[in-house]
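Chain and residue survey
As a plain string of letters, each chain reads:
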Amino acid sequence: MNVSPRRILAEFAAHEALVGALRRLRDERYSHLEVYTPFPSDAIDELLPGKSTRIGWLMLAGGIVGGSGAYFLQWFAARDYAYNAGGRPLHSWPAFVPVTFELTVLTAALVGFASLLWLARLPRLDHPVFDAPEFRRASQDRFFLAVRTDDPRLTSVGVEPLLRECGAVSIQEVAG
Amino acid sequence: MSPHHSHATLPPDAEPLVGAGENIATVEAMIARVPLAGPRPLLWWGGFAAAFLVVVVLVTAIAWLLLKGVGIWGIDIPVAWGFAITNFVWWIGIGHAGTFISAILLLLHQHWRTSINRLTEAMTLFAVACAGLFPLLHLGRPQYFYWLLPYPDTMGLWPQWRSPLVWDIFAVSTYGTVSLVFWYVGLIPDLATLRDRATSLWRRRAYGVLALGWRGDAQHWRHYEKLYLMLAGLATPLVVSVHSIVGMDFAVAILPGWHSTIFPPYFVAGAIFSGFAMVLTIVIPLRAVYGFKAYITDRHLELMAKVLMATGWIVAYGYFSEFFTAWISGDEFDRYMAVNRATGPYRAVFWLLIACNVLVPQALWWRRLRRSAAVLFVVSLLVNIGMWAERYVIVVTSLHRDFLPSSWGMFSGTRWDWATFIGTLGLFFALIFLFVRLLPAISMTEMKRFVTTGEETE
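Residues numbered from 1 in each chain as written. Chains lettered and ligands numbered in written order. Predicted model: local features only at pLDDT ≥ 70, side-chain atom pairs only at ≥ 80, totals over all residues.

For the rest of this paragraph, the subject is the overall build of chain B. A tally of regular secondary structure across chain B gives 15 helices and 0 strands. Viewed in the frame of its principal axes, chain B has a C-alpha envelope of about 70 × 60 × 40 Å. When burial is assessed residue by residue, chain B has 51% of its 458 residues classed as buried. (Helix = DSSP H or I, 4+ residues; strand = E, 2+ residues; numbered from the N terminus. Buried ≥ 20, exposed ≤ 12 C-beta atoms within 10 Å, placed from the backbone.)

Set out below in C-alpha cells:
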C-alpha cells in the first residue's frame, strides 16, 4: 500500500474531554497521536507519546561556545593590542568575566530561539491541519486530537466511533 | 471558599488572582478585543497623539544635537556626564522590573506575574530603547558608535576589556536582545490566536506571519515550555548583571561619591524599585480604561506595592550606607562629598529624592492605601521622580566638586537637555500606546491556562 498517511482530526470542547480521550487512546495502545491545544498542559504532556525535548542541551552547547568564544576574543585582543594599564597583566581574567557572561547568555538565548524553530519546523504557514475550518479554534478555546492513519492500531472500523464516545464534537480527515 | 467573603477579610494567599466567573472565552474576548477592535478610540488617539507630539520634540532635539554637537547640552568639565548618563541609568533601571517580573517571579512560582508579565516585558524593551539612545548621543560623534565594538580594524585597535564602559555595551545589548527574544517567544501563541480571531485579511496575514504558523502542537509546546523556562533562568542572572555593571561604571572610578562597593547591589535594588513604580504608572490607567480589573486585580496592585516598599527600603539602606561609609572612612574628600550632597548647591534635589524614595513609600504600610489605585498612582509618579533625582545627584554632585577646589564647577540642564529627556518620555509612551493597540497586553495563553488548570507556564 502506497497511500500517504492522513490525519483524523477530532475536536473537543474542553481540556478535560481531550485529556480523557487521550488517556483512552493511549490505553488502547494508539501511538501515532498528535495534540493541538491553545495552551500547554501538564496533563497532556504526561500522556503524549514522544521524546522529551533536547532544547536545553542545545542551549547549553550554545552558551558554552559563546562564552568560550567571548573569553578567547578578550584574551586574544588583549595581546593583539597590548595595553599596559598600571602594570596589570595582559591576561587580567577577572575583568574578562562580565563580557564572557553576557555573551554566554546572549548566544544561549539566540540558540534557544533558533532551536525552537528548528525542532518545531517553523515557520510553516501551510500545515495540513489548517485545512480544517474548525481548526481556527485550536488557538482559542478548542482542543484537537489527531490520529494518523499509519497508526498500527487503526483497524477497518476506524477510530471515529471511539473518538465520538470520548466526546469529540467534530471529526474530519485532513492530509498527513 | 465562600464567594460571599469580601476580599478584605480573606488571608492574602486565598484571595483570587482573577475575577469571579472568568473562563477561557471571557479572558480571550476581553484581551483580544483591544488589539482587534480598538475600544475607547478617542482616549487612545488622544493619548497617542499627545505622546507623538513629544516624539517630534525628541526628533528635533536629536537633529539639533547632530547639527551642533553636545555643546547644546549643559555638560562641560567637570560635569561631563550630566543628563545623558542620568537618563541612561534611569531608563535602564525602569526596564529591570519587566525582567524581574517575567523571569525571577516565574522561577519563584509567583502566579500573580501572569497578568502583568507581557506588559512589563514590553515596558522593558521600550525603556532599554530609550536608555540606549543616551550613551550613543553622548558620544559626540555618534556615527562612530561602532568603534565601541570589537572588530578587526585597520589600525589594530581593540576595546579596553578592563573598562566597565565596555562591559556596559555587552550588558545592555545582550539585555535588549534577550528581552526581545523572551517577549517574542511569549507572544507567538497569542499572535496565533489573533491570526485566527481577526476578521480582516491584512490583519490575519500580519498576525499570521508573525505567529510563524504556530499551531499549538503539543510536541511544540514541549520545546516551547522548556525554552521559556531556560530563558527565564538566563534572564535572572542577566538582569542582576546589567545594573551591577551600570553601578560599576561609577564604582570603578576613584571619584568620591562613586567609588563604593555598595553600588552594584544598590543599583539593582533601585532599578527594581523604579521599574515597579513605572509598572504601576502604566497598569493603573490601563486596567481602568480597558476593563482589565478582573485580571489585574487590587491584589496585584497590593503585591506590587509591597515589592515597591521592600526595594525602597534597600535603596534607603544604600543612602544610609553611603553616608556611613563616608563618615567612618575618615577620608576628607568622601566626608565633604556627603556634606555637600545634603547641604551644598544641589541640596534641593537631594532632599527631593529622600522625600520621594524614602518617605513617600512609607504610606504603603497601610493596607487600605496599598489597595487604593489613586494613592498608588501618585506614589508611583513620585517614586519615578525620586529615582531620576537620585541618578542626577549621583552623577552631578559627585562630579561637580571632586578633589581640587580649583577644578570645581556647576552644572544645570539646558532646554535641549530637557527636550531630549522629555522627548524620550514621549517615545516611551508612544511605543506603549502602539503596543497596547496592536498586541495583547496580557498573555491570553497564560491566562487561559491559569483559569483552566491553575497551572503556570514554565
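With that settled, the discussion passes to the overall build of chain A. Assigned secondary structure in chain A consists of 5 helices and 4 strands. When the helices and strands of chain A are placed in sequence order, the string is β-α-β-α-α-α-β-α-β. Over its C-alpha atoms chain A spans a radius of gyration of 25 Å, topping by over 25% the 16 Å that the globule rule assigns to 176 residues. Considered along the principal axes of its C-alpha atoms, chain A spans approximately 85 × 35 × 30 Å. Within chain A, buried positions represent 39% of all 176 residues. The long-range share in chain A, meaning contacts at least 24 apart out of those at least 6 apart in sequence, stands at 84%. (Rg over C-alpha atoms; globule rule 2.2 N^0.38 Å. Contact = placed C-beta atoms within 7 Å.)

Our focus in this paragraph is the sheet that holds strand 2 (residues 33-36) of chain A. All names here are of chain A. The strand order 2-3-1-4 describes an open sheet built from 4 strands, whose pairing is antiparallel. Edge positions in the sheet fall to strand 2 and strand 4 (170-175), since each has one partner strand and no second. Each strand axis lies, on average, 25° off the axis of its neighbour in the sheet, ignoring direction. Bridge analysis of strand 2 against strand 3 (residues 143-148) gives 4 bridges, and the strand direction is antiparallel. Along strand 3, the bridge assignment pairs Val35 with Leu145. With respect to the sheet, helix 1 (residues 15-27) is in contact with strand 1 (6-12), strand 2 and strand 3, its orientation differing from that of strand 3 by roughly 20°. (Pairing = 2+ DSSP bridges. Axes fitted to C-alpha atoms, helices over the stretch in contact; angles between N-to-C directions.)

In this section: the environment of B:Phe52. Residues and elements named next belong to chain B. Summarising the element assignment, Phe52 is placed in helix 2 (residues 41-68). Owing to 16 C-beta atoms within 10 Å, Phe52 belongs among the partly exposed residues under this scheme. Considered as a pair, Phe52 and Ala211 are 159 residues apart in the sequence and their alpha carbons are 28 Å apart.

In this complex, chain A contributes 56 residues to the contact, which on the side of chain B involves 53 residues. Residue assignment for the side of chain A that touches chain B shows that the elements contributing at least two residues are strand 2, helix 2 (42-47), helix 3 (55-80) and helix 4 (93-119) of chain A. Looking at which element gives the most residues to the side of chain A that touches chain B, the answer is helix 4 of chain A, with 16 residues. Considering only residue class, the side of chain A that touches chain B consists of 35 nonpolar, 13 polar and 8 charged. (Nonpolar A, V, L, I, M, F, W, Y, C, P; charged D, E, K, R; others polar.)

What follows covers the nonpolar core. Within the largest apolar cluster, 187 residues are counted, with the highest numbers of intra-cluster contacts made by A:Leu145, B:Ile92, B:Ala127, B:Val178, B:Phe276 and B:Val279. If you tally residues by element for this core, the top one is helix 7 (residues 218-251) of chain B, at 17 residues. Residues within four places of B:Val279 in sequence aside, it is in contact with B:Ala97, B:Ile116, B:Thr120, B:Met123 and B:Met304. (Core = buried A, V, L, I, M, F, W, Y, C linked by C-beta atoms within 7 Å.)

Before going further, it helps to spend a moment on the packing of helix 3 (residues 82-107) of chain B against helix 13 (residues 373-400) of chain B. Residues and elements named next belong to chain B. Put simply, helix 3 and helix 13 touch, their axes get as near as 9 Å, and they point 135° apart. By the angle class used here, helix 3 and helix 13 are oblique. In the crossing of helix 3 with helix 13, the sense of the turn from one axis to the other is right-handed. Contact residues: helix 3 offers Gly82, Ile85, Thr86, Val89, Trp90 and Gly93, while helix 13 offers Met387, Trp388, Arg391, Tyr392 and Val395. Considering only residue class, the contact of helix 3 with helix 13 consists of 7 nonpolar, 3 polar and 1 charged. (Parallel < 35°, antiparallel > 145°, perpendicular 65-115°, else oblique. Left-handed = near helix turned anticlockwise from the far one by under 90°.)

All names here are of chain B. Across the interface, helix 4 (residues 117-138) lies against helix 5 (residues 164-197) with an axial gap of 10 Å and an inter-helix angle of 150°. Looking at the two axes, helix 4 sits roughly antiparallel to helix 5. Both helix 4 and helix 5 take part in a crossing whose hand is left-handed. Side by side, helix 4 and helix 5 meet where Arg118, Glu121, Ala122, Thr124, Leu125, Val128 and Gly132 of the first sit next to Val172, Tyr175, Gly176, Ser179, Leu180, Phe182, Trp183 and Gly186 of the second. Residues that form the contact of helix 4 with helix 5 fall into these classes: 8 nonpolar, 5 polar and 2 charged.

Another aspect to go through is unusual backbone geometry. A:Pro123 follows A:Leu122 through a cis peptide bond whose omega is 0°. Following the sequence through the fold, A:Pro123 ends up in the loop between helix 4 and strand 3. In this structure, B:Pro78 follows B:Ile77 across a cis peptide bond, with omega equal to 10°. Along the chain, the position of B:Pro78 falls in the loop between helix 2 and helix 3. For A:Arg29, which is not a glycine, the phi torsion comes out positive at approximately 70°. Tracing the sequence through the fold places A:Arg29 in the loop between helix 1 and strand 2. For B:Arg40, which is not a glycine, the phi torsion comes out positive at approximately 50°. With respect to the secondary-structure elements, B:Arg40 resides in the loop between helix 1 (24-37) and helix 2. Given 13 C-beta atoms within 10 Å, B:Arg40 falls into the partly exposed group.

Residue and element names in this part refer to chain B. On average, residues of chain B score 92 in pLDDT, and 96% of them are at 70 or above. With pLDDT under 50 throughout, residues 1-8 is counted as low confidence; its partners more than four residues away or in other chains account for 5 contacts. Confidence estimates for the predicted assembly give a pTM of 0.94 and an ipTM of 0.95. (pLDDT = per-residue confidence, 0-100.)

This paragraph deals with the environment of B:Arg33. Within the secondary structure layout, B:Arg33 lies in helix 1. Accessibility expressed as a C-beta count within 10 Å gives 15 for B:Arg33, which makes it partly exposed.

Helix 15 (residues 444-453) of chain B sits mainly inside the fold: 9 of its 10 residues count as buried. Considered for burial, the residues of helix 15 of chain B that qualify are B:Met444, B:Thr445, B:Glu446, B:Met447, B:Lys448, B:Arg449, B:Phe450, B:Val451 and B:Thr452. In this fold, the buried residues of helix 15 of chain B make contact with helix 1 of chain A together with helix 1 and helix 5 of chain B. Looking one or two places after helix 15 of chain B, you find B:Gly454, whose phi comes out positive at around 70°.

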